[in-house]
Amino acid sequence: MAIRSLARSSIRQAGRVNSALTGYESNYFHHLETVRLGGTAASVIFSNLSRYSDYQHLQLRVVQIGSNGSTRMTVNGDTGSNYARHYLNGNGTTAAASGAATQTSIANIGRAGVGQSGVAIIDIHGYASTSKYKTGRSLWCYDSNGVDSSLVFLTSGLWQSTSAITSLSFINANSVAFDSTTKIALYGIKGA
């Protein structure tokens, strides 16, 4: 009898937690759009981001399969030396870190080699602000299928402009096209 009551109580509590999460997601975290490539593409661009002015921050979720080269991001078509970046990475055996200023993109925000798969979550903070530089971070990893070391990366980036972000462009390093299976979903985040 006591066990049965405890089980019912746990189910009721779990229902409350799920309701709370659903409310949180519906009020603060929204899926805005997704790009699914039907064929290979040299770049993926999200434009007219000012239409999402109800949101304070953006999040992108990236799934890459079969591409080759690190993913780079530019803002508002700016390819000048107005970016800085830092990253930490590890492969289970060794770790590395690096940083660079006066860059022409924010690099190493995702990767998937030929026949490999990779995923990334990219957060962009205060994208619509006109009073501060824009910062972002990316957590990404890829599985090399034993070809070379699989990696986990934590990357941060800075766009040195106070302009609001109205477009985001993604390209692969080495002028390699995105594979047709690449998907990038854009989410808006409300609140602090």
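To be clear, the structure that these remarks concern was listed above.
Below is a summary of the structure that appears in this document. (Residues numbered from 1 in each chain as written. Predicted model: local features only at pLDDT ≥ 70, side-chain atom pairs only at ≥ 80, totals over all residues. Heavy atoms only, no water.)

## Overview of the environment of Y142
You can see Y142 is positioned in strand β8 (residues 134-143). Sequence separation of Y142 and V63 is 79 residues, and the distance between their C-alpha atoms is 9.9 Å. (Helix = DSSP H or I, 4+ residues; strand = E, 2+ residues; numbered from the N terminus.)

## With respect to the pattern of salt bridges
All told, the structure shown has 2 salt bridges when counted by the stated rule. Salt-bridge contacts for R51 lead to E33; the nearest nitrogen and oxygen are separated by 2.8 Å. Of this pair, R51 sits in the loop between β2 (43-46) and β3 (57-65) while E33 sits in strand β1 (residues 29-36), and the two are 18 residues apart along the sequence. On the accessibility criterion, R51 (43% relative accessible area) is partly exposed. A salt bridge links R137 to D123, with the nearest nitrogen and oxygen atoms 3.2 Å apart. Taken together, the residues span a long stretch of sequence, with R137 in strand β8 and D123 in strand β7 (residues 117-125) at a distance of 14 residues. Residue classification places R137 among the partly exposed positions, given a relative accessible area of 43%. Residue D123 is classed as buried on the basis of its relative accessible area, which comes to 11%. (Salt bridge = Lys/Arg side-chain N within 4 Å of Asp/Glu carboxyl O. Buried < 20%, exposed > 50% of the residue type's maximum accessible area, 1.4 Å probe, protein only.)

## Topic: the sheet that holds strand β10 (residues 168-172)
With antiparallel pairing, the 3 strands of this open sheet are ordered in space as β2-β10-β4. Two strands in the sheet have a free side with no partner beyond their single neighbour: β2 and β4 (71-75). Taken pair by pair, the neighbouring strands of this sheet meet at an average axis angle of 20 degrees, ignoring direction. Alignment of β4 against β10, held across 5 bridges, turns out to be antiparallel. From the neighbouring strand, T74 faces β10, where its bridge partner is S169. (Pairing = 2+ DSSP bridges. Axes fitted to C-alpha atoms, helices over the stretch in contact; angles between N-to-C directions.)

## Overview of the side chain of S129
Here S129 shows up in the loop between β7 and β8. A residue is classified by how much of its surface remains accessible, and S129, at 18% relative accessible area, is buried. Setting aside residues no more than four positions away along its own chain, S129 makes contact with K134, T162, S163 and A164. (Contact = heavy atoms within 4.5 Å.)

## Structural notes on the packing of aromatic side chains
Applying the stated rule across the entire model yields 4 aromatic pairs. The interplanar angle of 5 degrees and the centroid separation of 4.2 Å between the aromatic rings of W140 and F153 together place this pair among those described as stacked. Of the two residues, W140 is situated in strand β8 and F153 in strand β9 (residues 151-159); the sequence distance between them amounts to 13 residues. Here W140 falls in the buried class, since its relative accessible area comes to 2%. F153 gets classed as buried once you look at its relative accessible area, which sits at 7%. Here a set of aromatic residues connected by ring pairs shows up, and it is made of Y87, W140 and F153. (Phe/Tyr/Trp six-rings, centres within 6.5 Å; stacked < 30°, edge-to-face > 60°.)

## A closer look at the nonpolar core
One finds F46, L49, L60, I124, L168 and F170 to be the most contacted residues of the largest nonpolar core, which totals 32 residues. In this structure, L168 is in contact with V44, I45, F46, L49, L58, L60, M73, T74, V75 and I124, ignoring residues within four places of it in sequence. (Core = buried A, V, L, I, M, F, W, Y, C linked by side-chain atoms within 4.5 Å.)

## Quick look at the environment of R85
If you trace the backbone, R85 turns up in strand β5 (residues 83-90). When near neighbours in sequence (up to four residues on either side) are disregarded, R85 contacts S98, G99, A100, Q103, S105, A107, S156 and G157. A distance of 2.8 Å separates the side chain of R85 from the side chain of Q103, its partner in a polar contact. (Polar contact = N/O pair within 3.5 Å; in protein donor to acceptor, adjacent residues only side chain to side chain.)

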